[in-house]
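Okay, here's what each chain looks like letter by letter:
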Amino acid sequence: MNPQLQSDPKLEGGKTSRRHFLALSLLTMTGLAQPAALAGRVLEDKSGRRRCLVVLTLSGGNDGLNTVVPYGMGRYYDLRPKLAVKGETVLPLDGMVGLNPSMGELAALYKEGKLAVVQGVGYPEPNRSHFRSIEIWQTAQPDIIGDTGWLGRYLDLQDKSDLASRMLAAVNIDPVLPKSLLARKITVPSVYDLGDFRFKVDSHYQDDRERQLSCFRDIYKDYQFKGALAGQLVKTGLAASAASEKLHKLTADAAAKSSAAYPDGRLSASLRLIAQMVAGQVGARVYTLQMDGFDTHANQSRTHNSLLSNLSRSLKAFLDDLESRGVADEVLVLVHSEFGRRAQENDGRGTDHGAAAPCFVLGKGVKGGLYGEHPELAANKLVQGDLGFKTDFRSVYSALLEDWLGSDARAILGRSFEKIPFV
Amino acid sequence: MTEKLKGQQIRHLLRRAGFGFTPVEYLAYRDLEYEEAVERLLNFEGEDNSALEALIESQNFDFTNGDDIKRWWLFRMLFTRRPLEEKLTLFWHGHFATSLKKVRNPYAMYVQNRLFRKLCMGDFGNLLLAVSKDPAMIVWLDNQQNRKGKPNENFAREIMELFTLGIGHYSEADVKEAARAFTGWQVKNGVFTFNKGAHDAGKKLFLAESGNFDGTQVISILSRHKQTGRFLAAKLLNFFLGANFDRALLKRVAGAYEVDRQIRPMLKTIFLSKAFLSRENQFSLVKSPCQYVVGTLKHLQISTIDGDLPRLLSAMGQDLFAPPSVKGWDGGTAWLSSDTMMARFNFANRIIGEKFDALKKQGSLKDLLAEKGVDDPRTCVAYFLQLLVEGDVPPPVVKRLEDYLGKEPFLKGAEAKTLLDERLRGLLHLIMTLPSYQLV
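Since the structure is predicted, the reported quantities are computational estimates derived from the model, not experimental observations.

1. So, the overall build of chain B
Reasoning step 1: If you tally the helices and strands in chain B, you get 24 helices and 4 strands.
Reasoning step 2: Computed over C-alpha atoms, the radius of gyration of chain B comes to 24 Å, within 12% of the 22 Å expected from 2.2 N^0.38 for 440 residues, which places it in the range of a compact globule.
Reasoning step 3: In terms of its C-alpha atoms, chain B occupies a principal-axis envelope of roughly 85 × 45 × 40 Å.
Reasoning step 4: Looking at chain B as a whole, 51% of its 440 residues qualify as buried.
Reasoning step 5: If you take every contact in chain B between residues at least 6 apart in sequence, the share linking residues at least 24 apart comes to 70%.

Below you can see the structure in the form of structure tokens.
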């Protein structure tokens, strides 16, 4: 049976459920008096290697209803007369919901117990602006404009010796660093294309490279400079030169070992690079990347199906790649979006910005299954036409932070959330 | 005011109101008073740009090709005699961010870009109306699908969140009502058309006003809204001056808008403000990739544009005609990540290589340097630091660069000649990787 979980995001203090209570007592036993001890704990798998988390953001607002399709709810077909996915084509997860037929690979992973689907994930008072909503997901601070990210605060909690033992603490595979990785103590490097990510010198004078690089480092190390930007420029420049040198050494060997069949596209290229880094023992605890194109206001079906298909095939290839490199046990992937889309389709065969939507967690270390409740679709249960959330996204984060990464979710998220037991 | 100080101010103005300058371009402004230079940049209609247009004509750009329109625009940035016109066009491109990735029609993007250029300085209400009827925009924000009965809210939301008021100054109900007003604004055969059958002519309650509004009236309400002036003022200040300004200046720039919604007086207020010229606001902004690339090409007087320049810009985080989202480019520190910094460094390396390969054909480097009074490591480092970063680096950096360069390249003989070529390339590369060189 798939585990079902009733989650209550407003759980606090006196209203503690049994499961929540157990989590708390576990915390106490492992040393609540010294949260740092817990925070610095390194969870290792049997072979002594460390775990990492890959966070993939589907940018633009993924239509959850057509991703995890509630084909058992008649209302779905009323809300989506043109866009609904036909019941007979759905890849069923249970008698009520199933995956979009474009995601055959993910359906197979679900059967193998490597995919957890968390339904109805969101947060109170949903914001329908792309930028504010993704900021809320990335900072995990819905009530303030935060200046650190949930993953950044996680990295900040790692003790110095742990960070020092890693080649890189985290890597972003995208030109722009997401707010989720903003930390106080470290600057996370971004790598988009490994071939270009190297300090190059004039092709006539390759022998001068070491002299230039050493001059560059000397200058950057002691750059005393006025102005607010100096610190960040220096940190980023140093991180760039250090990270690129390390990565080139590490991935030179790992690159050759890939046997997995990735589909075309940017997502595949980024995932392949992550697999190389994991296998090359970069040691990063977190990788972030995003896939664009989910803002499907019009003529959605073809675009959306092709995105989901690419997503499904790329993720499958990634897991295969990790398996063939012998590191499948080390990696968990979270797939989420800034919001889902309006329950009712619009008149342009598309959907407008919405609220709650499902998340995927996948990997060898996942307890596969269907988690959380599907939001009700009855008109009086929709919130301003959108799906009401059933699971707070911070419940998903809490499980990842504590059960996968062995950190202190409460310290990172500011309070306790019931954990979804997919690890 | 000393000539030296005035020179600094004019160069600062040329960098911020444009993309930097060649020595010849600087000469054209150097002898003006600062206020005259501001007026000349602002009232660019008087500048004869026929040389640029002729150059563009000779390139035979294919405006239905995505790479060609990117190169076309880079040509404009590089060779225009109206730098502020191009800078402001880039500002509006970021403001009304529209991307080839969804529009998939380079010609429509080219038409939109011309629209930004044509209306960049005047009445914002006119610009907003034209943009709202622009085919690329209609496709980009799905107004084609916005029909009576089942409105598509995408355009209605972004016109308030991103183009005029900013988040927090309208309600979800305003979004829904504005969407109704824009129903029927469509593209047909590549041009704007008003589809009466798809338009919802009913009564709307929008931002506390009610009436049977259509899109034109919503635009009128938005462009006359006090908050629009404040929103645009803050955005222009951030773009041209940086985040370091007080409320009084914001109020003055917003006040300049309120008179008759003109952009030109807002910019004039910014460029003539004390804050704009203050030391702390010089070299205080992170160069955008366009600024980095075009400025570098101008500095080094490189007049060819390589075919893959758009791709290099994209690697630095600024893919022209393809901003990352409807919000455009965040700019500022968002330009700084490890791989985009590395892309800058590698662009500098490459462009210097090309420059020196070309210089080799013109004669001896040693003679060229001697003409500038450069004949040892000290004068050489000082000369290039002044040229590229106005000498704005900490003293230990000067020393370290002198050590890198060494005395050997300035000795006699064939070996020294090769060494001079090698180390000069390295020196310029290193200067362009300096934190100071990333700032404008």
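2. Quick notes on the overall build of chain A
Reasoning step 1: The helix and strand inventory of chain A stands at 13 helices and 11 strands.
Reasoning step 2: Sorting the 423 residues of chain A into buried and exposed places 53% on the buried side.

3. So, the environment of Asn100 of chain A
Reasoning step 1: Position of Asn100 of chain A relative to the elements: it lies in the loop between strand 4 (98-99) and helix 4 (104-111).
Reasoning step 2: Setting aside residues no more than four positions away along its own chain, Asn100 of chain A makes contact with Asn66, Thr67, Val69, Val85, Asn305 and Leu308 of chain A.

4. What to know about the environment of Val396 of chain A
All names here are of chain A.
Reasoning step 1: Inspection of the secondary structure puts Val396 in helix 12 (residues 393-404).
Reasoning step 2: Taking the C-alpha atoms as reference points, Val396 and Ala378, 18 residues apart in sequence, are found 26 Å from one another.
Reasoning step 3: Leaving out residues up to four positions away in the same chain, Val396 has contacts with Val118, Val121, Cys359, Thr391 and Ile420.

5. What to know about the interface of chain A and chain B
Reasoning step 1: Counting residues at the interface gives 50 residues for chain A, matched by 48 residues for chain B.
Reasoning step 2: Only helix 5 (130-139), helix 8 (209-221) and helix 9 (230-254) of chain A provide two or more residues apiece to the side of chain A that touches chain B.
Reasoning step 3: At 10 residues, the largest contribution of residues to the side of chain A that touches chain B is made by helix 9 of chain A.

6. Re the domain arrangement of chain B
The extent of an interface is frequently quoted as the accessible surface area lost upon association of the parts.
All names here are of chain B.
Reasoning step 1: According to the domain assignment, chain B consists of domain 1 (3-224) and domain 2 (289-438).
Reasoning step 2: A straight line from the C-alpha centre of domain 1 to that of domain 2 covers 32 Å.
Reasoning step 3: Listed as interface residues are 24 residues of domain 1 and, on the opposing side, 20 residues of domain 2.
Reasoning step 4: Among the secondary structure elements, those contributing two or more residues to the side of domain 1 that touches domain 2 are helix 5 (66-79), helix 6 (83-95), helix 7 (100-103) and helix 11 (154-164).
Reasoning step 5: In terms of residue count, helix 5 provides more of the side of domain 1 that touches domain 2 than any other element does, 10 residues in total.
Reasoning step 6: For the side of domain 1 that touches domain 2, the residue count by class is 13 nonpolar, 6 polar and 5 charged.

7. Remarks on the sheet that holds strand 2 (residues 68-69) of chain A
Reasoning step 1: As summarised here, the arrangement of the 3 strands in space is 2-4-3 (chain A), forming an open sheet in which the pairing is antiparallel. Edge positions in the sheet fall to strand 2 and strand 3 (91-92) of chain A, since each of these pairs with one other strand and no more.

8. A few points about the pairing of strand 1 (residues 185-188) of chain B
Residue and element names in this part refer to chain B.
Reasoning step 1: Note: strand 1 against strand 2 (residues 191-194), 4 bridges, orientation antiparallel. Counted as the bridge partner of Val187 is Phe192 from strand 2.
Reasoning step 2: Connecting the antiparallel pair strand 1 and strand 2 is a turn made up of 2 residues, with Asn189 showing a positive phi of about 50 degrees.

9. A word on the packing of helix 5 of chain B against helix 8 (residues 106-119) of chain B
Residues and elements named next belong to chain B.
Reasoning step 1: Interaxial distance between helix 5 and helix 8 falls to 9 Å at its minimum, and their mutual angle equals 20 degrees. With respect to helix 8, the axis of helix 5 lies roughly parallel. The chirality of how helix 5 crosses helix 8 is right-handed. Residues Gly66, Ile69 and Trp73 of helix 5 lie in contact with helix 8, whose contacting residues are Pro106, Met109, Tyr110 and Asn113.
Reasoning step 2: Split by residue class, the contact of helix 5 with helix 8 holds 5 nonpolar, 2 polar and no charged.

10. Structural notes on the packing of helix 1 (residues 3-17) of chain B against helix 3 (residues 34-42) of chain B
Residues and elements named next belong to chain B.
Reasoning step 1: Axis separation between helix 1 and helix 3 bottoms out at 10 Å; the angle between their running directions is 15 degrees. Here helix 1 lies roughly parallel to helix 3, going by the angle between them. The chirality of how helix 1 crosses helix 3 is right-handed. Between helix 1, through Lys6, Gln9, Ile10, Leu13 and Ala17, and helix 3, the contact on the second element is made entirely by Tyr34, Ala37, Val38 and Leu41.

Scoring rules and cut-offs
Residues numbered from 1 in each chain as written. Chains lettered and ligands numbered in written order. Predicted model: local features only at pLDDT ≥ 70, side-chain atom pairs only at ≥ 80, totals over all residues. Helix = DSSP H or I, 4+ residues; strand = E, 2+ residues; numbered from the N terminus. Rg over C-alpha atoms; globule rule 2.2 N^0.38 Å. Buried ≥ 20, exposed ≤ 12 C-beta atoms within 10 Å, placed from the backbone. Contact = placed C-beta atoms within 7 Å. Domains from an automatic or database assignment. Nonpolar A, V, L, I, M, F, W, Y, C, P; charged D, E, K, R; others polar. Pairing = 2+ DSSP bridges. Axes fitted to C-alpha atoms, helices over the stretch in contact; angles between N-to-C directions. Parallel < 35°, antiparallel > 145°, perpendicular 65-115°, else oblique. Left-handed = near helix turned anticlockwise from the far one by under 90°.

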